[in-house]
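Chain by chain, the residues run as shown.
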Amino acid sequence: MTTGDGRVQGVGRGLGQGFGVGEGYAWYRGVSPGGSVHRHAAFQLVLAPRDEAALVGADGRVVRGAALLVPPMTAHRMLSARDLLTVFVEPHSALADRLRGRCGSGSGIVAVPELRRLDEAELGRAAALPSTGLDPRLFAAAALLEGRAGQEEPVPMNLVAARAGLSPQRLRALARKQLGMTLARRRIWLKLRRSAEALAEGCSPADAAAAGGFADQAHLTRRMREMIGMTPAAVLRVMQVLPASAAGAPGDVHRNGPGDG
């Protein structure tokens, strides 16, 4: 069902223009000018309050719909749109369980019209609950990684495996099978989440890089663009922490602003 101005009723209800981080998810709503090919260490939901969203897969095929789902580590790029809500869902949440059931066997971009009315309250509840379908040993490993994601020295993966009661090889295989990625990739996502939380608190990109445990601002920028298709300066702009003139061209969330490195 649509409203009088063409918006799909319920899409992004409660989420205005901007960027935010919640328990188990992050979101961006605003203009999408398109971008380069990238992969996320999370599920990505793209909801179009007006018209349709359009994504391009690794094979060049364009997928369109009011609601699109991208599984973790699936190469894709965004096409331009005037208003999109993009939600990144961490793979260990109950909402991720719901999304796994809709991915199918092809692990490519899929249309999920039944999710087009997802609102903020529903999103927050489902993303904050733990998955019921993942091996408990993955939760033990994830907890250890999360506790040290902002530290300069990462926890050695053999120690992570030992604490989870697995060999490094078995833990790696289990993570690939159930999360769709290695735990090393999961570690990067946790670091990005910490940096995003710092940006949301008003930190500069340089301070946000330090909060996430990145070597410097340029390192954070490369990883953020690679993993979520945005730069720290763009995140600050959409949160209205920086004026648009200080963070690149209006709507350009994929390119560097001054000082991004």
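What counts and what doesn't
- Counting restarts for each chain: residues are numbered from 1 in the order of the written sequence.
- Local features in this predicted model are restricted to residues of pLDDT 70 or higher, and side-chain atom pairs are both shown and tallied only at a pLDDT of 80 or more, whereas totals for entire chains, interfaces and linings draw on every residue.
- Where side-chain values are given, they derive from all heavy atoms of the structure, hydrogens and water being excluded.
- A pair of strands is treated as paired once DSSP finds two or more bridges between them.
- Helix and strand definitions here come from DSSP, where helices need a minimum of 4 consecutive H or I residues and strands a minimum of 2 consecutive E residues; each element is numbered from the N-terminal end.
- Only C-alpha atoms enter the line fits that serve as axes; for helices the fit covers just the stretch in contact. Angles between N-to-C directions range over 0 to 180 degrees.
- Pairing of aromatic rings covers Phe, Tyr and Trp, the last counted by its six-membered ring, and requires centre-to-centre distances within 6.5 Å; plane angles under 30 degrees mean stacked, over 60 mean edge-to-face, and any other angle means tilted.
- With a 1.4 Å probe rolled over the protein chains alone, any residue whose accessible area is under 20% of its type maximum counts as buried; one over 50% counts as exposed, and the rest are partly exposed.
- For classification purposes, an angle smaller than 35 degrees is called roughly parallel, one larger than 145 roughly antiparallel, one from 65 to 115 roughly perpendicular, and anything else oblique.
- Note on contacts: a residue pair qualifies if any of its non-hydrogen atoms lie within 4.5 Å across the two residues.
- Residue classes follow a fixed rule: Ala, Val, Leu, Ile, Met, Phe, Trp, Tyr, Cys and Pro count as nonpolar, while Asp, Glu, Lys and Arg count as charged, and any other residue, Gly among them, counts as polar.

Please provide a residue-by-residue account of the sheet that holds strand 7 (residues 76-78), values included.
Overall, antiparallel pairing links the three strands, which are arranged 5-4-7 in an open sheet. Unpaired on one side and paired on the other, strand 5 (62-65) and strand 7 mark the two borders of the sheet. Direction aside, the axes of adjacent strands within the sheet are offset by 25 degrees on average. As defined by bridge partners, strand 4 (residues 53-57) adjoins strand 7 across three bridges and the pair is classed as antiparallel.

Kindly report on the packing of aromatic side chains, identifying the contributing residues and their values.
In the structure shown here, the tally under the stated rule is one aromatic pair. Look at Phe88 and Trp189: their rings are 6.3 Å apart centre to centre, the planes differ by 55 degrees, and that puts the pair in the tilted class. Separated by 101 residues along the polypeptide, Phe88 in strand 8 (residues 81-89) and Trp189 in helix 6 (residues 183-200) bring together distant segments of the chain. Both residues of the pair, Phe88 and Trp189, belong to the buried class.

Please provide a residue-by-residue account of the environment of Pro33, values included.
You can see Pro33 is positioned in the loop between strand 2 (25-32) and strand 3 (43-47). Of the residues examined, Pro33 reaches a relative accessible area of 38% and is grouped as partly exposed. Considered as a pair, Pro33 and Asp83 are 50 residues apart in the sequence and their alpha carbons are 9.9 Å apart.

So, the environment of Arg116: which residues are in play, and what are the values?
Take Arg116: it is sitting in the loop between strand 9 (110-111) and helix 2 (120-128). Along the chain, Arg116 and Gly65 lie 51 residues apart, while their C-alpha atoms are 9.2 Å from each other.

Requested: an account of the packing of helix 1 (residues 94-103) against helix 2, with residues and values cited.
Each pair of packed helices gets described by two things: the angle between the helix axes and the distance between those axes. Relative to each other, helix 1 and helix 2 sit at 100 degrees, their axes nearing to 5 Å. It follows that helix 1 is roughly perpendicular to helix 2 by the angle criterion. The segment helix 1 lies against helix 2, with Ala94, Leu95 and Arg98 engaging Glu122, Leu123, Ala126 and Ala127. Taken together, the residues of the contact of helix 1 with helix 2 sort by class into five nonpolar, no polar and two charged.

Break down the packing of helix 6 against helix 8 (residues 217-228) for me, citing the residues and quoting the values.
Orientation of helix 6 relative to helix 8, taken along the N-to-C sense of each, is 110 degrees, at an axis distance of 10 Å. Looking at the two axes, helix 6 sits roughly perpendicular to helix 8. Between helix 6 and helix 8, the contacting residues are Arg185, Ile188, Trp189, Leu192, Ser195 and Leu199 on the first element and Leu220, Arg223, Met224, Glu226, Met227 and Ile228 on the second. When grouped by side-chain class, the residues that make up the contact of helix 6 with helix 8 number eight nonpolar, one polar and three charged.

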